Amino acid sequence: MHRTLVVSLLVLLLLVGLAAAVLALAVAGLADLPEAKVPLTSTFFDRNGQVVATRFEQNRFAVPLDRVPLALAAAFIAVEDHRFYRHFGLDVQALLRALWRNLLAGRLVEGGSTITQQLARNLFLTPDKTLARKLREALLAVQLERRFTKDEILEKYLNTIYFGHAAYGVEAAARTYFGKPVQDLTLAEAAMLAGIPRGPALYSPFLDFPAARARQEVVLSRMAEEGFISKEEKETALADKLVLRDRRPGARAVQYGAYFIDYLVERELAAIFPDDPQIVYRGGLQVHTTLDREMQRAAEEAVKNLLPVLGAGEQGEQQPQVALVAVDPRDGGIRALVGGRDFRYSQFNRAIPPAGTGRSPGSAFKPFVFAAALESGFTPAHIRVSEPVSFTIPGQAEPYMPQEYGGEFFGPLTMRRALARSSNIVAIQTHLEIGPEKAVEMAARLGIRSPVLPVPSLPLGTSHVTPLEMAAAYAAFANQGFRIQPLFITRITDSTGRLLYEDRPRLSHVLDARIAYLLTNMLQDVLRPGGTGSFLGPLVNRPAAAKTGTSEDHRDAYIVGYTPELVAALWVGNDDNSPLGAGQTGGRLAGPVWANFMRQALQNLPASEFVRPHGLEEALICPETGLLQNPLCAVAPVQELFLAGTAPREQCRWPLCPHCPPQWQWD
């Protein structure tokens, strides 16, 4: 016993001398604090402020002290450092007590580190248990006390301590264990959290709930002893039932938008922060996106529930694959994006593939040709004939002889009916009549950036594009001729709220509003009886326009459609570009997925009509000739729209119209 006392006195003198030396060094400014860079979790929000995803090196969220419940701060002070507000970074009394108890036990049973020392260790040091590390820790603790206030030290400490299960800091811990933000913790929950850092493997309620409960009681007892709570509050907290977050597979809220977030990380954020590629994993960014979580959910569920599995790829992934992009035509915001069936099995983003890897849109390209034709003086009533034709192509031995889908020709068609029925012959005739360069220029003007060749077959989708391009280009039809720039991110702040980046909608007027409306009005007929997507109209059940597309040999199935509020482009195809199978058209395979998505995505918005601009006129025409209806004509007239001053002035008559009586019968 005498020997133990002597040793203790010697150690006491050593500690007093050490404390004096550390204090003298700190006061003299001989030790500067190294820079501490604590990794913070970056959070992605949808346009309504809902959390969509997080990315982190360490799962940590910085929260100010005023958002931490007083009970939680008090719990840590009570159990870790009850003289926190009275010492200068080192608690000599606690060190002596710990030394004495360790000597009596003959082993390490108690530490004497203050909250400030623990913070110094977390910020600057490794957990090695060496005398050199302890000396460095003490010196840094005094420096921290000189640099920061007690509240600032406590805030940093609460944001850096480790709670197990990849949770760093009290905010991540509250979400991990109780599924709620830290400010909503009860006294019972706060006490349990405060007990975990002493040994996360020992006191995690996920791993050993009885041990965690026992540790919680220790914390509550210390709080009562220190006067932070009353004995009644302690007993009430002990009686509270703790409900932990359900960790079973599938129990957590489903995370939507994996392809969207991956694109932001790999492309958008990499371009915004080119000199700091790790900022998204360490920088605590608050990324506010244009995604709508509910629309994204609708997109993914439509794909999951309605797209059939027709085969498997080389790696066993389900085929066909799919891509969907939904954009708000009014501001360019991307509301939903699907890059494949399942991100877990294939991370290749088919909605925004690398340059040169797009796919054929099939007849979904035809609206660009028809828009160019309307701009060139054509009207929806112009007549062209679907019949066998051949075209001589310079440099080719064989003439180009396009066919109608299914091999059956339609005869005379107005431009409106030709678009609704997706006549290949009329589209190619029109394309060549106005000049192939016109369609190429129109596509580029509306936002197609992929190479487009002015070949006769262009209306059939022989130039490859991406779903993002198609959705953005169709947006001009939905929004009175305004081209949009796709917008993914609206603003980015750091963890303190400081603005780092901001972007706003960028719109350019590139098409006469009257032509945009005329084309939209024609595309509405695609979803009506006689159109290639007639059965889809009732599914959408609101004013909408669309165009289906099927590439050669049924390798690609496409549909692009829109309402005044939303444009969605959807592609279906096999990754190896093999045929989907007979009958697998854009209307039949892609159409139901698109229609279901549109209905679900817009279910909380009232239906609205497309805005009709000034400068249009209407006329009753004969659908066989495109001329004004003759009162004696046997065919039922149709109401047609025209640019003001372009409606026909001549009536249909025999022999131009076989349904009109011969001239001699008029007398």
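Up top you'll find the structure we're talking about.
Caption draft 1: Inspection of the overall build of the protein chain at higher detail. Along its length, the protein chain carries 22 helices and 20 strands. Taking all 667 residues of the protein chain together, 53% fall into the buried category. Long-range pairs, those at least 24 residues apart, make up 68% of the contacts in the protein chain with a sequence separation of at least 6. Carbon and sulfur atoms make up 54% of the accessible area of the protein chain, which totals about 30,400 Å².

Caption draft 2: Main features of the side chain of Asp556. In this fold, Asp556 is placed in strand 17 (residues 556-562). A distance of 2.9 Å separates the side chain of Asp556 from the side chain of Arg359, its partner in a polar contact. Beyond its immediate chain neighbours, meaning those up to four positions away, Asp556 contacts Arg359, Ser360, Gly549, Thr550, Ser551, Trp571, Val572, Asn577 and Leu580.

Caption draft 3: Structural detail: the packing of aromatic side chains. Counted by the stated rule, this structure contains 15 aromatic pairs. With centroids separated by 4.8 Å and ring planes inclined at 40°, the aromatic side chains of Tyr263 and Phe488 adopt a geometry described as tilted. Of this pair, Tyr263 sits in helix 12 (residues 258-272) while Phe488 is found in the loop between strand 12 (482-484) and strand 13 (489-493), placing the two residues 225 residues apart along the sequence. The structure contains a cluster of three or more aromatic residues connected by ring pairs, namely Phe365, Phe368, Tyr474, Phe477, Tyr562 and Phe610. Above the plane of the ring of Phe84 lies Lys150, whose end atom (NZ or CZ) is 4.6 Å from the centre. Here the basic side chain of Lys156 rests over the ring of Phe148, its NZ or CZ set 4.7 Å away from the ring centre.

Caption draft 4: Examining empty space enclosed by the protein more closely. Applying the stated criterion across every chain yields a total of one cavity of 30 Å³ or more. Reported here for the largest cavity is a volume of approximately 50 Å³. Lining the largest cavity are Phe477, Ala478, Gln480, Ala516, Tyr517, Thr520, Phe610 and Val611. In terms of residue class, the lining of the largest cavity is made up of six nonpolar, two polar and no charged.

Caption draft 5: Expanded view of the sheet that holds strand 16 (residues 545-550). What the five strands build is an open sheet, ordered 9-8-18-17-16; its pairing is antiparallel. In this open sheet, the two strands that pair with only one neighbour each are strand 9 (334-338) and strand 16. Neighbour-to-neighbour, the strand axes of this sheet turn through a mean angle of 5°, independent of strand direction. When strand 8 (residues 321-327) meets strand 9, the two strands line up antiparallel, connected through four bridges.

Caption draft 6: Spotlight on the packing of helix 14 (residues 293-306) against helix 22 (residues 586-601). The N-to-C vectors of helix 14 and helix 22 enclose an angle of 150°; their axes lie 9 Å apart at closest approach. Accordingly, the angle class assigned to the pair helix 14 and helix 22 is roughly antiparallel. The hand of the helix 14/helix 22 crossing is right-handed. Where helix 14 abuts helix 22, its residues Met295, Ala298, Ala299, Ala302, Val303 and Leu306 lie against Pro592, Val593, Asn596, Phe597, Gln600 and Ala601.

Caption draft 7: Representation of the sheet that holds strand 14 (residues 499-502) in the model. An order of 2-1-5-13-14 is seen for the five strands of this open sheet, with the pairing classed as mixed. Looking along the sheet, the strands with just one partner apiece sit at the ends: strand 2 (51-55) and strand 14. This sheet shows a mean twist of 15° between the axes of neighbouring strands, independent of strand direction. Pairing geometry for strand 13 and strand 14, over three bridges, is antiparallel.

Caption draft 8: Examining the packing of helix 15 (residues 366-375) against helix 17 (residues 424-434) more closely. It is at 10 Å that the axes of helix 15 and helix 17 come closest, and there the two elements cross at 45°. The orientation of helix 15 with respect to helix 17, classified from their angle, is oblique. As helix 15 packs across helix 17, the resulting crossing turns out to be left-handed. Residues Lys366, Val369, Phe370, Ala372 and Ala373 of helix 15 form the contact with helix 17, whose own contacting residues are Asn424, Ala427, Thr430, His431 and Ile434. Across the contact of helix 15 with helix 17, the residue classes break down as six nonpolar, three polar and one charged.

Caption draft 9: Representation of the pattern of salt bridges in the model. Following the criterion strictly, the structure yields 32 salt bridges and no others. With a closest N to O distance of 3.1 Å, Glu189 and Lys180 form a salt bridge. Here Glu189 falls in the buried class, since its relative accessible area comes to 7%. One salt bridge in this structure joins Arg297 and Glu294, with 3.0 Å as the shortest N-O distance. Taken as a pair, Arg297 and Glu294 lie in helix 14 at a separation of three residues, close to a single helical turn. Glu294 sits in the partly exposed class, given a relative accessible area of 36%. By sharing partners, the salt bridges in this structure join Arg293, Glu294, Arg297 and Glu301 into a single network.

Caption draft 10: Highlighting the nonpolar core. Grouped together as the largest cluster of nonpolar side chains are 83 residues, with contacts concentrated most on Phe368, Met470, Tyr474 and Phe488. In terms of residue count, helix 19 (residues 467-478) provides more of this core than any other element does, ten residues in total. Beyond its immediate chain neighbours, meaning those up to four positions away, Tyr474 contacts Ala364, Pro367, Phe368, Leu523, Lys547, Val560, Tyr562 and Val567. Listed in part, the 52 residues of the second largest apolar core include Ala74, Ala120, Ile161 and Leu185.

Cut-offs used in this document
- Residues numbered from 1 in each chain as written.
- Predicted model: local features only at pLDDT ≥ 70, side-chain atom pairs only at ≥ 80, totals over all residues.
- Heavy atoms only, no water.
- Helix = DSSP H or I, 4+ residues; strand = E, 2+ residues; numbered from the N terminus.
- Buried < 20%, exposed > 50% of the residue type's maximum accessible area, 1.4 Å probe, protein only.
- Contact = heavy atoms within 4.5 Å.
- Areas by Shrake-Rupley, 256 points an atom, 1.4 Å probe, with all protein chains shown as cover.
- Polar contact = N/O pair within 3.5 Å; in protein donor to acceptor, adjacent residues only side chain to side chain.
- Phe/Tyr/Trp six-rings, centres within 6.5 Å; stacked < 30°, edge-to-face > 60°.
- Lys NZ or Arg CZ within 6 Å of the ring centre and 35° of its normal.
- 1 Å grid on protein atoms, 1.4 Å probe; cavity = no way out; pocket = protein on both sides within 12 Å on 5 of 7 lines; lining within 4 Å.
- Points joined across faces, edges and corners; volume = space filled by probe spheres on them.
- Nonpolar A, V, L, I, M, F, W, Y, C, P; charged D, E, K, R; others polar.
- Pairing = 2+ DSSP bridges.
- Axes fitted to C-alpha atoms, helices over the stretch in contact; angles between N-to-C directions.
- Parallel < 35°, antiparallel > 145°, perpendicular 65-115°, else oblique.
- Left-handed = near helix turned anticlockwise from the far one by under 90°.
- Salt bridge = Lys/Arg side-chain N within 4 Å of Asp/Glu carboxyl O.
- Core = buried A, V, L, I, M, F, W, Y, C linked by side-chain atoms within 4.5 Å.

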